[in-house]
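# Structural description and commentary
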Amino acid sequence: MEDWKKRKMEEMGNNGELSTQEELRSLLDPLAKSQLVDLLSRLGSQYPSIAEEIKSIASSDSVHRKLFVRGLAWNTTSETLYAAFRMHGEIEEGAVIYDKTTGKSRGYGFITYKHMESAHSALRAPSKLIDGRMAVCNLACEGLSGASTTLDLSQRKLYIGGLSPDVTSEMLLNYFGRHGEIEEGSVAYNKDTNESRGFGFVTYKTVEAAKKAIDDPQKILGGRTIIVKLADTHKGKPVQTQLPAAAVVPLALPMAPGYPQPGKAHITAAPAGYPYPQTVASYPASSYSSPAAAPAPYPTQMPIPYAPVAAKKDLQGIPTAPMGMGGYPYYIGKQ
């Protein structure tokens, strides 16, 4: 009897728990995402067990823990990258990406933390100076659509030209850091020789800082007068705006009446215009007269006889050749 009562109470308790979960789901379902985030954050701050459950669920997917790091120096190794991000938490995986053909760095890499809060800690300071270059990190799932690809990027990124070969990326960042906080910047180096190419780029976090750098009258770095201007104006390429597909309305070309247009059926059975085939007028049966006869040829003229010319003889009686003009002899054919 007691066992039956005990089993009955357990069944009632389980049914009550199921009904409570269904009721809570029905209450939470219409809530907005912001409301759910606020509710869970308050519960997590009050109850450590809920906070641990939230961290466990959030860290289960590596997409929330993997960072994409770009702007690395060509000599940066995986060990250097690993050491630069170790301060934010335990790293599960980290590596610089190398070109398979040349074996050289491609200028970017990845860092995967073990916990999601470590990745968030690193994202609070996305710009890091690694091997003399200012590298930038963001979530790998965002790719290049992170914080630095905002609409005002063209007003924050500067082209620095005329740099001395002795100017390093660290010198460049220190020089332009007086105008404001820098998000990204470095000197452009040759991949093969690792020598400076004489120019670089600096991206500020604010448009105001970029304007200060441009308007600064003192632009001397490394003993040279440098060029400072917006990176987009340095390209010198006009920006082409592409209209959306919905804004482009196809126009039909006008065609001559009487000819069928492709894709359109004729309203009438026969096309309007000239009939086909067209009737051709017959030519008259009258014959043309023969052309006039050619005039008679000129009468044949008889050759005019000339008297034979006797050859002259010299004093000894030997005939001499006749002489022409200029004293040159000429010859007379046999008669």
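Residues numbered from 1 in each chain as written. Predicted model: local features only at pLDDT ≥ 70, side-chain atom pairs only at ≥ 80, totals over all residues. Heavy atoms only, no water.

## Here we look at the overall build of the chain
Within the chain, the regular secondary structure consists of nine helices and 11 strands. Across the 335 residues of the chain, 24% fall into the buried class. With an accessible surface of roughly 25800 Å², the chain has 58% of that area assigned to carbon and sulfur atoms. (Helix = DSSP H or I, 4+ residues; strand = E, 2+ residues; numbered from the N terminus. Buried < 20%, exposed > 50% of the residue type's maximum accessible area, 1.4 Å probe, protein only. Areas by Shrake-Rupley, 256 points an atom, 1.4 Å probe, with all protein chains shown as cover.)

## A short note on a nonpolar patch on the surface
A surface patch of nonpolar side chains, about 350 Å² in accessible area, is lined by Leu24, Leu27, Leu28 and Leu31. Among the structural elements, Leu31 can be located in the loop between α1 (2–28) and α2 (33–46). Exposure remark for Leu31: the relative accessible area of 31% places this residue in the partly exposed category. (Patch = residues over 30% accessible without salt bridge, like charges linked within 9 Å, V, L, I, M, F, W, Y side chains within 5 Å. Salt bridge = Lys/Arg side-chain N within 4 Å of Asp/Glu carboxyl O.)

## Observations regarding the side chain of Lys128
Along the chain, the position of Lys128 falls in strand β4 (residues 127–130). Within the structure, the side chain of Lys128 is placed 2.8 Å from the side chain of His88, a separation counted as a polar contact. A polar contact is formed between the side chain of Lys128 and the backbone oxygen of Ala125, at a distance of 3.2 Å. In this view, Lys128 contacts Ala84, Phe85, His88, Ala122, Arg133, Met134 and Ala135; residues no more than four positions away in its chain are not counted. (Polar contact = N/O pair within 3.5 Å; in protein donor to acceptor, adjacent residues only side chain to side chain. Contact = heavy atoms within 4.5 Å.)

## Structural notes on the pairing of strand β3 (residues 105–113)
Bridging between strand β1 (residues 66–70) and β3 involves five bridges; their strand directions are antiparallel. Note on β3: the bridge partner recorded for Lys66 is Thr112. The sheet contact formed by strand β2 (residues 91–98) and β3 spans six bridges and is antiparallel. If you follow Ala95 over to β3, its bridge partner there is Phe110. Between the end of β2 and the start of β3, which pair antiparallel, lie six residues, with Gly103 showing a positive phi angle near 75°. (Pairing = 2+ DSSP bridges.)

## Thoughts on the pattern of salt bridges
Using the criterion set out here, one finds six salt bridges in the structure. Among the ionic pairs, Glu183 bridges to Arg156, the shortest N-O distance being 3.6 Å. Linking Glu183 in strand β7 (residues 182–189) with Arg156 in helix α6 (residues 153–156), this pair joins segments that are 27 residues apart in sequence. By the burial criterion, Glu183 is buried, and Arg156 matches it. Across the salt bridge formed by Arg178 and Asp216, the nearest N and O atoms sit 2.9 Å from each other. Highlighted residues: Arg178 in the loop between α7 (169–176) and β7 and Asp216 in the loop between α8 (207–215) and β9 (220–221), separated in sequence by 38 residues.

## With respect to the nonpolar core
Of all hydrophobic cores here, the largest spans 21 residues; its most connected members are Leu158, Ile160, Leu172, Phe176, Tyr204 and Ile226. Taken together, the elements giving at least two residues each to this core come down to β6 (157–161), α7, β7, β8 (196–204), α8 and β11 (227–230). With four residues, the top contributor of residues to this core is α7. Counting 16 residues, the second-largest nonpolar core is a separate cluster that includes Leu67, Ala84, Tyr113 and Ala135. (Core = buried A, V, L, I, M, F, W, Y, C linked by side-chain atoms within 4.5 Å.)

## Topic: the environment of Ser121
Within the secondary structure layout, Ser121 lies in helix α5 (residues 116–123). For Ser121, a relative accessible area of 21% corresponds to the partly exposed category. In sequence terms Ser121 and Met87 are 34 residues apart; their C-alpha atoms lie 9.4 Å from each other. Among the polar contacts listed, one links the side chain of Ser121 to the side chain of His88, at a separation of 3.2 Å.

## What about α8?
Those residues of α8 not exposed but buried are Val207, Ala209, Ala210 and Ala213. What you see down the axis of α8 is that its buried residues fit within an arc of 160°, all on one side. Facing away from the buried side of α8 by more than 90 degrees, the exposed set consists of Glu208, Lys212 and Asp215. Tucked inside the fold, the buried residues of α8 contact α6, β6, α7, β8 and β11. Looking at where α8 begins, the residue whose side-chain oxygen comes 3.3 Å from the main-chain nitrogen of Ala209 is Thr206. (Arc of directions from axis to C-beta.)

## A word on the packing of aromatic side chains
Under the counting rule described, the total for this entry stands at seven aromatic pairs. A centroid spacing of 5.6 Å and a plane angle of 50° characterise the contact between Phe68 and Tyr108, whose relative ring orientation is tilted. Of the two residues, Phe68 sits in strand β1 while Tyr108 sits in strand β3, which places them 40 residues apart along the sequence. Of the residues examined, Phe68 reaches a relative accessible area of 12% and is grouped as buried. Residue Tyr108 is classed as partly exposed on the basis of its relative accessible area of 21%. Considering the side-chain rings of Tyr175 and Phe176, the 5.0 Å spacing of their centres and the 80° angle between planes classify their relative orientation as edge-to-face. A residue is classified by how much of its surface remains accessible, and Tyr175, at 15% relative accessible area, is buried. (Phe/Tyr/Trp six-rings, centres within 6.5 Å; stacked < 30°, edge-to-face > 60°.)

## Comments concerning the pairing of β4
Relative to strand β5 (residues 133–139), β4 is paired through four bridges, and the arrangement is antiparallel. Following the sheet pairing, Leu129 is matched in β5 by Met134. Counted along the chain from β4 to the antiparallel partner β5, the turn is two residues long, and its residue Asp131 has a positive phi close to 55°.

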